[in-house]
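Residue-level structure breakdown
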Amino acid sequence: MGLSKMEFSSIKESMKKGKGKVAVRGWVYRERGSNKLKFIVLRDSSEIIQCVIEKSKVGEKMFKTADAVQIETSMEIFGQIKKDERAPTGYEISVDSFKVIGESDTFPISKDQSREFLDDHRHLWLRSRKMTAMMKIRSTVFGAIDEYFKGEEFYEYHSPTLQAVQCEGGSTLFDVDYYKQKGVFLAQTWQLYAEPAIFALEKIYTIAPSFRAEKSKTSRHLSEYWHAEMEVAWASFDDIIQYGEDLLKFIIKKVLAERKEELKILGRDPKELEPTVKKKFPRMTYTDSLKLLDKKFGMKIKWGKDLRTIEEDRLSELYDTPIIVTHYPKEVKAFYMKEDPKDKKVVYGVDFIAPEGYGEIIGGSERESDIKEIMKRLKDMGEKPSEYEFYLDTRRYGSIPHGGFGLGIERVISWICKLDNIKDAIPFPRTMTRWTP
Ligand code: 4AD
Ligand code: MG
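Owing to the predicted nature of the structure, the values given are computational and were not obtained by experimental measurement.

Observations concerning the overall build of the protein
Looking only at helices and strands, the protein has 16 helices and 16 strands in total. With the C-alpha coordinates of the protein rotated into their principal frame, the extents come out at 85 × 55 × 40 Å. A buried classification covers 51% of the 437 residues belonging to the protein. In the protein, the share of contacts with a sequence separation of at least 24, taken over all contacts with a separation of at least 6, comes to 66%.

Some details on the side chain of Arg434
Following the sequence through the fold, Arg434 ends up in the segment after α16 (409-417). Within the structure, the side chain of Arg434 is placed 3.0 Å from the side chain of Asp120, a separation counted as a polar contact. Among the polar contacts listed, one links the side chain of Arg434 to the backbone oxygen of Thr436, at a separation of 2.8 Å. Those residues in contact with Arg434 that sit more than four places away from it in its chain are Glu116, Asp119, Asp120 and Pro429.

Focus on the layout of surface pockets
Of the voids in this model, the second largest pocket is the one considered here, and its volume is about 600 Å³. Taken together, 21 residues line the second largest pocket, and the ones lying closest to its centre are Tyr29, Ile109, Ser110, Lys111 and Trp125. At the level of secondary structure, the elements contributing two or more residues to the lining of the second largest pocket comprise β1 (20-33), α5 (122-125) and α6 (129-151). Counting residues per element, the lining of the second largest pocket draws most heavily on β1, which supplies three residues. A per-class count over the lining of the second largest pocket returns eight nonpolar, five polar and eight charged.

Describing the nonpolar core
One recurring pattern in soluble globular proteins is that nonpolar side chains are buried together. Ile145, Leu407 and Ile416 are the most contacted members of the largest nonpolar core, which has 50 residues in total. Residue assignment for this core shows that the elements contributing at least two residues are α6, β9 (203-211), β10 (224-233), α9 (237-258), β14 (343-353), β15 (360-366), β16 (402-408) and α16. Each residue touching Ile145, except ones within four places of it in the same chain, is listed here: Ile207, Ala228, Leu247, Ile251, Leu407 and Ile409. Membership of the second largest hydrophobic core comes to 21 residues, among which are Val24, Leu42, Ile49 and Met75.

Examining empty space enclosed by the protein
Summed over the entire model, instances satisfying the criterion amount to one cavity of 30 Å³ or more. Here the largest cavity is characterised by a volume of approximately 40 Å³. Every residue lining the largest cavity is listed: Asp119, Arg122, Phe428, Pro429, Arg430, Arg434, Thr436 and Pro437. Its residues placed into classes, the lining of the largest cavity shows three nonpolar, one polar and four charged.

Topic: the environment of Lys111
You can see Lys111 is positioned in the loop between β5 (91-102) and α4 (115-120). For the pair formed by Lys111 and Leu186, sequence separation is 75 residues and the distance between their alpha carbons is 39 Å.

Conventions used here
Residues numbered from 1 in each chain as written. Chains lettered and ligands numbered in written order. Predicted model: local features only at pLDDT ≥ 70, side-chain atom pairs only at ≥ 80, totals over all residues. Heavy atoms only, no water. Helix = DSSP H or I, 4+ residues; strand = E, 2+ residues; numbered from the N terminus. Buried < 20%, exposed > 50% of the residue type's maximum accessible area, 1.4 Å probe, protein only. Contact = heavy atoms within 4.5 Å. Polar contact = N/O pair within 3.5 Å; in protein donor to acceptor, adjacent residues only side chain to side chain. 1 Å grid on protein atoms, 1.4 Å probe; cavity = no way out; pocket = protein on both sides within 12 Å on 5 of 7 lines; lining within 4 Å. Points joined across faces, edges and corners; volume = space filled by probe spheres on them. Nonpolar A, V, L, I, M, F, W, Y, C, P; charged D, E, K, R; others polar. Core = buried A, V, L, I, M, F, W, Y, C linked by side-chain atoms within 4.5 Å.

Structure, rendered in structure tokens:
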């Protein structure tokens, strides 16, 4: 063809150019044709575009090779681009010449496939417009989290994935066969290994996978999910909550600035996300949330019971931004949360509940500073405080007020992208019933 690789441009850039000669490459998204004319919709990572191959223009010999073109054939196309209202994305390339790079077997994914079938073919389903749009938004969300924390002068810090103590309850631990030893688990959270580090770095964050052996099948639980966590020295409970609200606003702002097209492909009207950027999030205590549930929905929940999915969903119907719920009963929250000195039945724990029934997106707290209280609560859970000595040392050598939170990145992506199932917020989901491909 005589054209060097450098001369290719993305489909999106070519459309921006709008007229004249272009060279694009990608995969066949759709194709149809007659013995004189062939329409190929080509896709690359940036866009899709209709390309028209005319026998009279490319000649008999080249037109014949177009017969081999099937869905997902990879090819290079050289031609003239122009505006065309009838074309799927408003532009069309009139093909001068083309080259098949990789032929494709009959692509197994066609219309109306079941969830199970698409999950089995996940490696191919990634190429779909919806998954591509989700993955771009995902990339923006990860970038935004980094940018936010770096902007607030946090250090990036890394905790071990192989850990020897639980933090978020023993029932969701994944056991590891560690050189035939027992008592080693995949991380549920970085927290117990983050708290020791704030004595050196003060403000830290991470983005890392967390693992939870969730035994129930729901549309919001993964066995492996990406967790953005932060921990801050000298921080009050209010400081932690403020960071959570600011981070969510930052993420949504970034997605709205960069990914409006992708949101639309996924059926999410960007306007629906705007209140999160513009409005202050409502805050209420757990106790007030029970009163609200009773008043608005006649739901009578016994004080001391954790909020379930159904209650969180009802609360989320009342607002168009995330909701901040604080001061949960001690019994339903983790051992490390600080007891409220004014009301010892509750702790300085916070959950952020997403709009539209997407559930808890952030969980955090100010940390308990009283070492005796921590040891007591560990014992109450059936844990041996002696195994937590490394953690307890954080309260022995210059203890300080501090706290942090964890944000479930796929939960946030599910909400942003308006997904039916959290499985579609990650390329290769892992759940109790799905670990392949
Ligand atoms: O509320 P969690 O369990 O809190 C912690 O792990 C704390 N140690 C975090 C911290 O303070 N550093 O989990 C935090 C968040 C939840 O709010 C939820 O968004 C998400 O992690 N999450 C899950 N996301 C997907 N699948 C699961 N199975 C999840 N479990 C929790
Ligand atoms: Mg939680």
